[in-house]
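Structural description and commentary
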Amino acid sequence: MMSVPMCAAGRWNGCLGTFTGVALIAMAALPLAALAVWALAHRRRGAGATPARAWRMSLAEVGIVYGTVPWVWMTMLPGAGAGVVPGRVSLVPLRDLATMGTGQIVGNLVVFAALGFFAPVRFAALASVPRALALAAGCSVLVEVAQYVLWLDRVSSVDDVLLNTAGAGLAALASRGWWRGTPKAPSDRPRRALASAP
């Protein structure tokens, strides 16, 4: 694994292939994420949305991306035998879980936690725990299939899918108090604007 000083020295190509590098880049991108939330909220308020709704929707959209992309990126980092070692699959539930360390378990739980937390806030159609679970499970399966197909020298495990889905479900429950404010309309425009539209 590349050290932090090498990343700080400007060897960004190498940093992109390490957990440390991804974490540093995600931290560096935090001000940009905050700026994106502000810009989206400002645009919504200019279109007539209430301040609370504008900020909630904007934070949810940026939160989904900012809180998910780095974790998915990390899970897609190639191993030492990438491109050489064929993909491996583990389809026996809970077999890999018994051999995982605490860090790996926690990491799998947070991969789609931001998606589970923010998606029901942003999208009325996802404002239920079963739907958030289904979304996370589908995304996790896609990641595991990609790991297998791309020969990343990783094990595509059903336990990863279970942990990813469980983390998203717990996060969805944590955000349940904000679901009530999720707009029912298909667009972000205020209801009065929709009602006045021809």
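It should be noted that the structure appears before, not after, this text.
Now for a description of the structure that goes with this document. (Residues numbered from 1 in each chain as written. Predicted model: local features only at pLDDT ≥ 70, side-chain atom pairs only at ≥ 80, totals over all residues. Heavy atoms only, no water.)

**A few points about the environment of A168**
Here A168 lies in helix α9 (residues 158-174). Residues A168 and V129 lie 39 residues apart in sequence; the distance between their C-alpha atoms is 9.0 Å. (Helix = DSSP H or I, 4+ residues; strand = E, 2+ residues; numbered from the N terminus.)

**A look at the packing of aromatic side chains**
Two descriptors summarise a pair of aromatic rings, namely the distance from one centre to the other and the angle between the planes of the rings. Throughout the structure, instances matching the rule amount to two aromatic pairs. The interplanar angle of 75° and the centroid separation of 4.9 Å between the aromatic rings of F117 and F118 together place this pair among those described as edge-to-face. Seen in terms of ring centroids, F117 and W178 are 5.9 Å apart; in terms of plane orientation they differ by 50°. Their pairing is tilted. Separated by 61 residues along the polypeptide, F117 in helix α7 (residues 113-122) and W178 in the loop between α9 and α10 (191-196) bring together distant segments of the chain. On the basis of relative accessible area, F117 is assigned to the partly exposed category, the value being 24%. Judged by relative accessible area, which is 48%, W178 ranks as partly exposed. (Phe/Tyr/Trp six-rings, centres within 6.5 Å; stacked < 30°, edge-to-face > 60°. Buried < 20%, exposed > 50% of the residue type's maximum accessible area, 1.4 Å probe, protein only.)

**With respect to the nonpolar core**
What tends to happen in soluble globular proteins is that the nonpolar side chains get buried as a cluster. Counting 18 residues, the largest nonpolar core has I64, F112, L115, F118, A119, V121 and W179 as the members making the most contacts within it. For this core, the secondary structure elements donating two or more residues are α5 (51-75), α7, α8 (129-149) and α9. The biggest single contributor to this core is α7, with five residues. If sequence neighbours within four positions are ignored, A119 has contacts with I64, A114, L126 and L135. (Core = buried A, V, L, I, M, F, W, Y, C linked by side-chain atoms within 4.5 Å. Contact = heavy atoms within 4.5 Å.)

**A short note on α5**
Here α5 is 25 residues long and its end C-alpha atoms lie 36 Å apart, about the 36 Å a rise of 1.5 Å per residue gives. The axis of α5 is deflected most strongly, by about 25°, at V69, and proline P70 appears within four residues downstream. (Expected span 1.5 Å × (residues − 1). Bend = angle between axes of the 7 residues up to and from the residue.)

**With respect to the pattern of salt bridges**
Oppositely charged side chains may form a pair once their charged atoms are brought near each other. Evaluated as defined, the whole model comprises three salt bridges. A salt bridge links R44 to E61; its shortest N-O distance comes to 2.4 Å. Highlighted residues: R44 in helix α4 (residues 30-46) and E61 in helix α5, separated in sequence by 17 residues. A residue is classified by how much of its surface remains accessible, and R44, at 9% relative accessible area, is buried. A residue is classified by how much of its surface remains accessible, and E61, at 22% relative accessible area, is partly exposed. (Salt bridge = Lys/Arg side-chain N within 4 Å of Asp/Glu carboxyl O.)

The values are spatial; any link to function lies outside them.
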